[in-house]
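# Geometric and topological summary
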Amino acid sequence: MIDYRIDAPLAIADILRVLDASGIQRPTADPARIGRMFAAADIVVSAWHGEGLVGLCRALTDFSYCCYLSDLAVDQAFQRRGIGGGLVEQLRAELGDEVSIVLLSAPAAMGYYPALGFAPAANAFVLKRAR
């Protein structure tokens, strides 16, 4: 049984563990940076198995028109159970039907997002970070 929570307090150690266990590439060697990333989020949806954090999504949004889904991570031991889709579903429910969700996909996850209803966008641009 998975319990989804909106903006629940998360320990940095738990966030780091889930990010590392998910296979997602984030600067987890810099816990302070991860802390700043999550502190600045407008909404964080977390997935719990009992008292253990097993998945999370972090988003930046105006709650009116658009939302950038910055992180979607599920511990590999819990993947392929619909938890990622559940996180996105909870995010969508919280945002409502006036808000578009956009994201940048890792190359290995390009086939995953269409299964959740995301459509590819050919009109996006990015200025990449230096580090």
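See the structure printed just above.
Definitions and cut-offs
- As a convention, each chain's residues are numbered from 1 in the sequence order in which they are written.
- Only residues with pLDDT of at least 70 are given local features in this predicted model, and only at 80 or more are side-chain atom pairs given and counted; all residues enter the totals for whole chains, interfaces and linings.
- As a convention, hydrogens and water are excluded, and side-chain values are obtained from all of the structure's heavy atoms.
- Secondary structure is summarised from DSSP: a helix means a run of H or I of at least four residues, a strand means a run of E of at least two, and numbering begins at the N terminus for each.
- Each polar contact in these results corresponds to two N or O atoms within 3.5 Å; when the atoms are within protein, one needs to be able to donate a hydrogen and the other to accept it, and residues that are neighboring in sequence are counted only if both atoms are side-chain atoms.
- Helices are assigned an expected span. That span is 1.5 Å times one less than the residue count.
- Using a 1.4 Å probe on the protein chains alone, a residue whose accessible area is under 20% of its type maximum counts as buried, one over 50% counts as exposed, and one in between counts as partly exposed.
- Note on contacts: a residue pair is in contact if any heavy atoms of the two residues lie within 4.5 Å.
- For Phe, Tyr and Trp, where Trp contributes only its six-membered ring, two rings pair if their centres lie within 6.5 Å, and the inter-plane angle classes them as stacked under 30 degrees, edge-to-face over 60, or tilted in between.
- The salt bridge definition used is simple: a Lys or Arg side-chain nitrogen within 4 Å of an Asp or Glu carboxyl oxygen.

What follows deals with the environment of Asp75. With respect to the helices, strands and loops of the structure, Asp75 is situated in the loop between β4 (66–74) and α3 (83–95). Separated by 55 residues in sequence, Asp75 and Asp20 have C-alpha atoms that sit 7.9 Å apart. At 2.8 Å, the side chain of Asp75 and the backbone nitrogen of Ala77 are in polar contact.

What follows deals with α3. In a regular helix each residue adds 1.5 Å, so 13 residues correspond to 18 Å; α3 covers 18 Å between its end C-alpha atoms and thus fits that length. Buried within α3 are the following residues: Ile83, Gly84, Gly85, Gly86, Leu87, Val88, Leu91 and Leu95. On its buried face, α3 is in contact with β1 (3–6), β2 (43–49), β3 (52–61), β4 and β5 (100–102). Backbone geometry just after α3 places Gly96 at a positive phi near 90°.

Here we take up the packing of aromatic side chains. Per the counting criterion, the structure on display carries 2 aromatic pairs. For the pair Tyr112 and Tyr113, a centre-to-centre distance of 5.3 Å together with 75° between the ring planes defines the contact as edge-to-face. The exposure class of Tyr112 is partly exposed, given its relative accessible area of 35%. Where Tyr113 meets Phe118, the ring centres are 5.6 Å apart and the plane angle is 80°; that geometry is what we call edge-to-face. Accessibility classification places Tyr113 together with Phe118 in one group, the buried group.

To continue, consider unusual backbone geometry. Look at Asp7: it is not a glycine, yet its phi comes out positive at around 50°. The topology assignment puts Asp7 in the loop between β1 and α1 (12–22).

Moving on, we get to the pattern of salt bridges. Under the counting rule described, the total for this entry stands at 4 salt bridges. Between Asp75 and Arg17 there is a salt bridge, with its nearest N and O atoms 3.8 Å apart. With Asp75 in the loop between β4 and α3 and Arg17 in helix α1, this residue pair connects regions lying 58 residues apart in the sequence. For Asp75, a relative accessible area of 12% translates into the label buried. The salt bridge partner of Asp71 is Arg26, with a shortest N-O separation of 2.4 Å. Highlighted residues: Asp71 in strand β4 and Arg26 in the loop between α1 and α2 (31–39), separated in sequence by 45 residues. Given the relative accessible area of 0%, Asp71 is considered buried. Overall, the relative accessible area of 28% leaves Arg26 in the partly exposed class.

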